Structures are given as C-alpha cells and as structure tokens.
Amino acid sequence: MTDWNQIAATITAATGHPCQPRSHRELGGGCINRAFVLRDADQAWFVKLNDARRLDLFTAEAAGLEALAAARAIRVPRPLCTGTAQNEAFLVMEYIPFGRAQALSPSDAGHQLAGLHRQTQDGFGWVRDNYIGATPQANDPEPDWARFWRERRLRPQLDLALARGYGGRLQDRGQRLLEACPALLDHAPPPSLLHGDLWGGNLAYDQAGRAVIFDPATYYGDREADLAMTELFGGFGADFYAAYHEAWPLDPGYPVRRELYNLYHILNHLNLFGAGYLGQAQTMIERLLAALG
Ligand code: ADP
C-alpha cells in the first residue's frame, strides 16, 4: 500500500505548501514506473512510484529535469522531491495537464529543441550517470565524441546483450561496428544538452499549446542523437523538423549517424524487452557496416 501521507509530508517539507491529500488517480502510459496524479483541495502533483531499491532512477530523473529546466529553452515539469515511503521510491513533480496534441505547435517545439541543444559544455557526458529506461547509462566525461558513443553507449549495450544470451552474429558484427565508430562518426559536433530519450511518448503539449518534454536521460552529446530518436518510433511531423532545421541545420551525413544513434535504443529495447528486437538490431548493424563501403 502506497504511503500517501508520507509522500504528502515530503511535498510539504520541500515546497512549503501544506499538502493534505484528497485523492490519487493512476495514469497509464508509463513504461517503467507507475504514475499518479495526487490532489489536495487546491493543487495537483504528478507522482511516479517504483520499488524502493530503484530510488536512484528517480534522483537521476530529477537531476535531468533540473538541468533541462535550467536551460529555459523548452517547458519541463519542475521536479519537487524524491524519497522512499514504506517499500516504494517516489518522485514528485509539477503536474501539467496536457492538451490535445496534433493541433498545437510542433514548429515552436522544433525551435525550442534547437534552443536546448545550444546549451553546451566542455566535453561529452554529464555530472552523473543515469538510466535509459531502466538500464544504467554511464556519463563519465570524454572529450572525443566517437569514443564516447562507442564506450559509454554501444559497447555497454552489446555487453549487456551478451550477458542476456545474445551472442554469435550480433556480437561478431557488433564488435566490427565498434571498431568502425570513428569512421562512421567523422564529424565534430559540439556537446549539446540532450533530452536523451526523446521518442514521441516523452513530448506532449500543455493546454496553452506549449511543448513539454519529460522522462529524460540527460547528458551532453551530439544533438543529432536526440533528433534520431524523434524519428525512431513514428516521427514528430514535417513542421517540427522544418523548424529545427531552420534554427540549426544538420551536418551532411546525418542519415548514417541516425542509424548508429538509434541502434543504441534498439539494443536497449532488446535488453529490456527481449528477442523481438534482435532482427532489427542485426539489420541496423549490417546497414551501418555496408555504409562503410
Ligand atoms: P515512465 O518513466 O514510466 O515511462 P513517464 O515519465 O513517461 O513514465 O510518465 C508516464 C505518463 O504520464 C506519460 O506518458 C505522460 O502522459 C504522463 N506525464 C508525465 N509527466 C507528467 C507531468 N509532469 N504531468 C502530467 N502528466 C505527466
């Protein structure tokens, strides 16, 4: 049983607003956690719950939301507190009622995402490790982008796949692909602040029509990695891409890099959700090796 009183006490301590819960309603749509709207007489909060042992998932997410919000480029729910209550970990953030998507402002979203990507730092990575879905994601700083992508992104997913029993051809061709990373990533992107997990399920529009991004896996990387993921499960629509490209055109050669970036997510899906993603991962690796010529 969720200890809503303990969660409310933590909200009160963190925000100064005396939270006296009246109702909680479970929302669908989450892949990893359970999500609720918690209400008192005059306010609502968005609460994510998981097993207490997963608290770090939520402290990492809160840190990511803080970093994205600090860029002031695109709306992000404000994280309020994290903690454990009984045997559950919780993350409380600002509740944002969403509007009906399509009709709203994808071109503003494209401009705003380019604005987020204008935030840079020295080197790739981030101040802390985090998670992609439920999988650990290492962010130790690295000045060389191709090395970062190979050592902090693709290799750990291939190693995890091996540990899950996906050996053989995936590993043989995967190792070959790791060696080819410098050749495939022969461009010099600035380290951009990324959402890191920007599929369609992690962008919505508030009731004023402003884009909202949430559930991030933040780090500084090639902005094309964010754009690639927007295209992986459906795409964000022509207006979104036209606006992004107007704000900040992509370098030549993006289509091949897109495949290399999305391979990370497909390998992660293989590791999280099983063999249904094996064929897609292998096809992507073969296409990338073929692109080497
Ligand atoms: P998970 O980490 O389990 O994937 P999400 O963070 O994606 O969960 O949240 C699940 C769903 O809750 C989302 O698909 C979205 O519709 C909704 N949601 C996420 N954040 C908020 C928020 N701050 N306010 C209102 N609804 C939200």
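Treat the numbers as computed from the prediction; the structure is a model and nothing was measured.

A. Just the pattern of salt bridges, in detail. With the rule as written, the count across this model stands at 18 salt bridges. Arg155 is the salt-bridge partner of Glu151, the closest N and O atoms lying 2.8 Å from each other. One end of the pair is Glu151 and the other is Arg155, both in helix 4 (residues 145–163) and four residues apart, which spans about a single turn. Judged by its relative accessible area of 23%, Glu151 falls in the partly exposed class. In this structure Arg155 comes out as partly exposed when scored by relative accessible area, which is 26%. We note a salt bridge from Arg176 to Glu179, for which the minimum N-O separation is 4.0 Å. Separated by three residues within a single helix, Arg176 and Glu179 lie in helix 5 (residues 168–184), roughly one turn from each other. When its relative accessible area of 58% is taken as the criterion, Glu179 is described as exposed. Look at the salt bridges and you will find they share partners, linking Arg75, Glu94, Asp206 and Arg210 into a network.

B. Structural detail: the site of the ligand. In the vicinity of the ligand there are 18 residues, among which Asn33, Lys48, Glu94, Ile96 and Asp215 approach most closely. Ile96 places a main-chain nitrogen or oxygen 2.9 Å from a nitrogen atom of the ligand. Between the ligand and the protein, one listed contact pairs an oxygen atom with a side-chain N or O atom of Asp215 at 3.0 Å. Notes on the ligand: free accessible area 550 Å², of which the protein chains cover 91%. Mapped onto the shell around the ligand, the elements with two or more residues apiece are strand 3 (44–51) and strand 5 (88–94). Each of domain 1 (4–94) and domain 2 (101–291) accounts for three or more of the residues forming the shell around the ligand.

C. Quick peek at the domain arrangement of the protein. For the protein, the assigned domains are domain 1 (4–94) and domain 2 (101–291). Contacts between domain 1 and domain 2 engage 20 residues on the former and 26 residues on the latter. Of the roughly 1,900 Å² buried at the junction of domain 1 and domain 2 (both faces included), carbon and sulfur atoms supply 71%. Among the residues of domain 1 in contact with domain 2, Leu68, Ile74 and Arg75 are the three that bury the most area, contributing 34% of the side total. Here domain 1 and domain 2 share three salt bridges between them. For the salt bridge of Asp56 with Arg128, the shortest nitrogen-to-oxygen distance reads 3.0 Å. Among the elements that line the side of domain 1 that touches domain 2, the one with the most residues is helix 2 (residues 55–70), at 10 residues. Partitioning the side of domain 1 that touches domain 2 into residue classes produces 13 nonpolar, two polar and five charged.

D. Region of the structure containing the nonpolar core. One finds Trp149, Leu154, Leu170, Leu260 and Leu263 to be the most contacted residues of the largest nonpolar core, which totals 69 residues. Composition of this core by domain shows at least three residues from each of domain 1 (4–94) and domain 2 (101–291). Contacts of Trp149, omitting those with residues within four sequence positions, involve Leu154, Leu185, Tyr219, Leu260, Tyr261 and Tyr264. Core analysis: the second largest hydrophobic core is formed by 14 residues, Leu38, Val47, Leu49 and Cys81 among them.

E. The arrangement of the sheet that holds strand 2 (residues 34–39) in detail. Spatial strand order, 1-2-3-5-4: five strands in an open sheet with antiparallel pairing. What marks the edges here is a single partner per strand, and that holds for strand 1 (23–27) and strand 4 (79–85). The average undirected angle you get between the axes of adjacent strands in this sheet is 25°. With six bridges connecting them, strand 4 and strand 5 associate as antiparallel partners. Across the sheet, residue Gly83 finds its bridge partner in strand 5, namely Phe90. The strands touched by helix 1 (residues 4–15) are strand 1, strand 2, strand 3, strand 4 and strand 5; relative to strand 4, the strand with the most contacts, the crossing angle is about 140°. Contacting strand 3, strand 4 and strand 5, helix 2 crosses the sheet at an angle of about 175° to strand 4.

Parameters and conventions
Residues numbered from 1 in each chain as written. Predicted model: local features only at pLDDT ≥ 70, side-chain atom pairs only at ≥ 80, totals over all residues. Heavy atoms only, no water. Salt bridge = Lys/Arg side-chain N within 4 Å of Asp/Glu carboxyl O. Helix = DSSP H or I, 4+ residues; strand = E, 2+ residues; numbered from the N terminus. Buried < 20%, exposed > 50% of the residue type's maximum accessible area, 1.4 Å probe, protein only. Near = heavy atom within 4 Å. Polar contact = N/O pair within 3.5 Å; in protein donor to acceptor, adjacent residues only side chain to side chain. Areas by Shrake-Rupley, 256 points an atom, 1.4 Å probe, with all protein chains shown as cover. Domains from an automatic or database assignment. Contact = heavy atoms within 4.5 Å. Buried area = accessible area lost by both parts, 1.4 Å probe. Nonpolar A, V, L, I, M, F, W, Y, C, P; charged D, E, K, R; others polar. Core = buried A, V, L, I, M, F, W, Y, C linked by side-chain atoms within 4.5 Å. Pairing = 2+ DSSP bridges. Axes fitted to C-alpha atoms, helices over the stretch in contact; angles between N-to-C directions.

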